[in-house]
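If you want the building blocks of each chain, they are given just below.
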Amino acid sequence: GAVVSQHPSWVICKSGTSVKIECRSLDFQATTMFWYRQFPKQSLMLMATSNEGSKATYEQGVEKDKFLINHASLTLSTLTVTSAHPEDSSFYICSATFPGQGRKGYTFGSGTRLTVV
Amino acid sequence: AQSVAQPEDQVNVAEGNPLTVKCTYSVSGNPYLFWYVQYPNRGLQFLLKYITGDNLVKGSYGFEAEFNKSQTSFHLKKPSALVSDSALYFCAAHGGATNKLIFGTGTLLAVQP
């Protein structure tokens with residue numbers, strides 16, 4: 001089946017540094033990827049929708065300059081947390097729609113635990 | 001506004017007993033409905049979905065869910081719970097008016113041996 005590989009699984013960084021999270025679709029082309037943020041014991045909050053070759057669409061309240069999303073190819077989308085601060089510590093998850101299924105199916109990456117110290 | 005509700009933060013059930021995790025939705029048009037399971041520090045694993053057709057949907061690991069249009073519900077069920085079913089379960093919906101998957105707040109299922 002369609003698999004989305006997300007790396008790294010966890011990362012610890014110092015406050016003020018930037019962290020890049022990669023999401024790759026394996027064996028299929030993901031024209032659209034979604035980035036979510038999840039706080040402890042809470043639901044997934046959609047941050048942005050990433051479309052290959054165009055600018056990402058951010059949800060209201062999400063800082064575009066802080067959470068940089070790049071979807072330069074049909075198999076790779078990246079989320080860069082710039083100038084990270086402790087409040088950015090969270091679990092980040094990407095997802096992609098199944099090829100040919102659109103909104104009928106989604107596959108998720110395994111998530112990235114970001115801790116900013 | 002479109003939304004998905006999971007009224008129970010936690011469901012406790014004894015191993016071997018049937019389990020139900022509740023979900024109701026409010027989306028426009030004919031919704032696509034999903035259930036996902038999440039283990040600690042992991043992404044979401046797909047369990048099942050309702051697109052159209054038979055209201056009773058069977059999914060992975062013995063789970064099933066029933067789509068009830070009149071009650072706008074999509075409750076997750078399993079006839080006999082296992083300790084290994086203990087995890088966080090999310091209900092999600094995709095309405096026709098938006099290209100977004102809307103998640104419920106999640107229900108923690110705890111199965112006691």
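Coordinates for the structure precede this section.
In this text the structure is predicted, and so the values were computed from the model without any measurement. Sequence positions are assigned chain by chain, starting from 1 and proceeding in written order. As they are written, the chains are lettered A onward and the ligands numbered 1 onward, keeping that order. Totals for whole chains, interfaces and linings use all residues, but because this is a predicted model, local features are given only for residues with pLDDT of at least 70 and pairs of side-chain atoms are given and counted only at 80 or more. The basis for every side-chain value is the complete set of non-hydrogen atoms in the structure, without hydrogens or water.

Two cysteines, two sulfur atoms, one covalent bond between them: this is a disulfide. For the purposes of this analysis, a disulfide is any pair of cysteine sulfur atoms at a distance within 2.5 Å. Across all of its chains, the model carries two disulfides over all chains by this definition. With its sulfur 1.6 Å from that of its partner, Cys23(A) forms a disulfide with Cys94(A). In this structure the cystine formed by Cys23(A) and Cys94(A) twists about its S-S bond by roughly 60°; its chirality is therefore right-handed. On the criterion of sequence distance, the pair formed by Cys23(A) in strand S3 (residues 19–26) and Cys94(A) in strand S9 (residues 90–97) is long-range, its members being 71 residues apart. Cys94(A) matches Cys23(A) in its accessibility class, with the two residues each being buried. A sulfur-sulfur separation of 2.0 Å characterises the disulfide bridge that pairs Cys23(B) with Cys91(B). The sign of the S-S torsion, about -65°, decides the handedness of the disulfide formed by Cys23(B) and Cys91(B): left-handed. Taken together, the residues span a long stretch of sequence, with Cys23(B) in the loop between strand S3 (19–21) and strand S4 (24–26) and Cys91(B) in strand S10 (residues 87–94) at a distance of 68 residues. Considering cysteine sulfurs only, Cys94(A) is the nearest to Cys13(A), which forms no disulfide, with 18 Å between them. For every residue, the accessible area (1.4 Å probe, protein chains only) is compared with the maximum for its type, and the residue is labelled buried under 20%, exposed over 50%, or partly exposed between those bounds. In this structure Cys13(A) comes out as buried when scored by relative accessible area, which is 8%. By definition, any uninterrupted DSSP run of H or I lasting at least four residues is a helix, any uninterrupted run of E lasting at least two residues is a strand, and each is numbered from the N terminus.

A cis geometry characterises the amide bond from His7(A) onward to Pro8(A), with omega recorded as -5°. Inspection of the secondary structure puts Pro8(A) in the loop between strand S1 (3–7) and strand S2 (10–13). One non-glycine residue, Asp27(A), lies in the positive phi region at around 65°. Take Asp27(A): it is sitting in the loop between S3 and strand S4 (32–38). The backbone of Asn41(B) sits at a positive phi, close to 55°, despite the residue not being glycine. Secondary-structure assignment places Asn41(B) in the loop between strand S5 (32–38) and strand S6 (44–50).

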